[in-house]
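# Survey of secondary and tertiary structure
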Amino acid sequence: MKHRKTAERWAPWLLLLLIVLLWQIICSGFGVSEFIFPSPWAIGHQLYEFAGTIAMHAWRTYWVTMAGFALAIVVGVLLGFLIGSSRLAYAAFYPLMTAFNALPKAAFVPILVVWFGIGAGPAILTAFLISFFPIMVNIATGLATLEPELEDVLRVLGAKRWDVLIKVGLPRSLPYFYGSLKVAITLAFVGTTVSEMTAANEGIGYLLVSAGSSMQMGLAFAGLIVVGAMAMVMYELFNLLEKHTTGWARRGSQGE
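No experiment lies behind these values; they were computed from the predicted model shown. (Residues numbered from 1 in each chain as written. Predicted model: local features only at pLDDT ≥ 70, side-chain atom pairs only at ≥ 80, totals over all residues. Heavy atoms only, no water.)

With that settled, the discussion passes to the packing of aromatic side chains. How two aromatic rings sit relative to each other is given by the distance of their centres and the angle of their planes. Applying the stated criterion to the full structure yields 10 aromatic pairs. Relative to F37, the ring of W23 lies with its centre 5.3 Å away and its plane at 25°, an arrangement referred to as stacked. Within this pair, whereas W23 is found in helix 1 (residues 2-29), its partner F37 is found in the loop between helix 1 and helix 2 (40-49), the two being separated by 14 residues in sequence. Considering the side-chain rings of F100 and F132, the 6.1 Å spacing of their centres and the 50° angle between planes classify their relative orientation as tilted. (Phe/Tyr/Trp six-rings, centres within 6.5 Å; stacked < 30°, edge-to-face > 60°. Helix = DSSP H or I, 4+ residues; strand = E, 2+ residues; numbered from the N terminus.)

Okay, here's the thing in C-alpha cells:
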C-alpha cells in the first residue's frame, strides 16, 4: 500500500520530466528554431531573464482570477441551491443556464470593455462567466439526486424540506462541489487570460500578446507555463481540502 501511494505521488512529476526531456531532445535533435517552437532550455532562460516582469504580470492575473472565481463560487452555490432544491426551478432555470453556457465567453469581452473600460473589470467578469456554470450544475445535481427513499424516511421522522436540504443535501453535495471547483478554477484562468489579451495592459494575457508581437516565443511559452503552474497549485489545494473534508465519500478511505 505504501509503495502504491508513493508511486502515485511521484507519477505526475516523472511524467512531466519525461515530457520535458523528449521536448528538449526533439528541439535540439531537429534544430527547431526558437522563433517557432522554443526548447525547455530556452523557456527556462526567458523565465530567469524576465522573472521580475513575469512575476508582476502573474500576480495581476492571479488576483483577478481569484476575484472572478470567488464571485463564481457565491453565485454558483446560490443558483445551484435554488435550482437543485425545487423541481420547478430546475425545469425553469436549467435549460436557460445551459444555453447561456454554450455562448462563447470571449465574445463578451468587447461588450464588457464598453461597459467597464479596459482593466481588471472585464477580466474579473470573464473569469466569473466562464467558471460559475460547473459549480452551479454540480451543486444542483447533488441536491436534485438526493435519494427519494432517504428523503421520505427523514420526512417521517419529522424533518422539514429545509432540514433535509441543509443537513443532508448540502453535505452530500460536497464531493460534487469540490469536483466543480477543480474544473472551474482552470476555466477561470482561461477566462482571465483571454480577456487580458484584448482588454488589459497588464497580466499574463497581455504579456503573451506583447511577446508574440516581438517574436519572443520563449517568453510567451514562459507565460503559458506560469498560468498552468498557478492553475495546478490551486487544483491541488482544492484536492487537499476535498481529501480532508469528504474522506467519507472516498471508497477505501477508511483503509488508507
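That was the structure; now back to the text.
Let us now look at helix 9 (residues 204-213). Inspection of helix 9 places I204, G205, L207, L208 and A211 among the buried residues, and these make up the whole buried set. Take helix 9 and look down its axis: the buried residues cluster within an arc of 160°, on one side only. Two residues or fewer past helix 9, M215 is found with a positive phi of approximately 60°. (Buried < 20%, exposed > 50% of the residue type's maximum accessible area, 1.4 Å probe, protein only. Arc of directions from axis to C-beta.)

With that settled, the discussion passes to unusual backbone geometry. Of note, the phi angle at M215 is positive, near 60°, even though the residue is not glycine. With respect to the helices and strands, M215 occurs in the loop between helix 9 and helix 10 (217-245). By relative accessible area, which is 45% here, M215 ends up partly exposed.

Another aspect to go through is the nonpolar core. Of all hydrophobic cores here, the largest spans 45 residues; its most connected members are F69, I135, M136, L181, I185, F189 and I204. Taken together, the elements giving at least two residues each to this core come down to helix 1, helix 3 (51-85), helix 5 (108-116), helix 6 (120-144), helix 8 (161-199), helix 9 and helix 10. The leading source of residues in this core is helix 6, at 11 residues. Excluding its chain neighbours within four sequence positions, the residues that come into contact with F69 are S131, I135, L181, A184, I185, A188 and F238. (Core = buried A, V, L, I, M, F, W, Y, C linked by side-chain atoms within 4.5 Å. Contact = heavy atoms within 4.5 Å.)

With that out of the way, let us pick up the pattern of salt bridges. Opposite charge on two side chains lets them pair, provided their charged atoms get close. Applying the stated criterion across every chain yields a total of two salt bridges. Residues R60 and E196 are paired through a salt bridge, measuring 3.2 Å at the closest nitrogen-oxygen approach. Placement of the pair is R60 in helix 3 and E196 in helix 8, with a sequence separation of 136 residues. You'll find R60 and E196 in the same group, each marked buried. The partner of K182 in a salt bridge is E242, with the nearest N and O atoms 2.7 Å apart. A residue pair is termed long-range when its members are at least 10 positions apart, and K182 in helix 8 and E242 in helix 10 qualify at 60 residues. Side by side, K182 and E242 carry an identical accessibility label, which is buried. (Salt bridge = Lys/Arg side-chain N within 4 Å of Asp/Glu carboxyl O.)

Next up on the list: the environment of I135. Looking at the element boundaries, I135 is found in helix 6. On the accessibility criterion, I135 (0% relative accessible area) is buried. For the pair I135 and S180, spaced 45 residues apart in sequence, the C-alpha separation works out to 5.0 Å.

In this section: the environment of I111. With respect to the secondary-structure elements, I111 resides in helix 5. Once the C-alpha coordinates of I111 and P122 are considered, the two residues, 11 residues apart in sequence, prove to be 8.7 Å apart.

Limitation: the analysis is restricted to geometry and does not speak to function.
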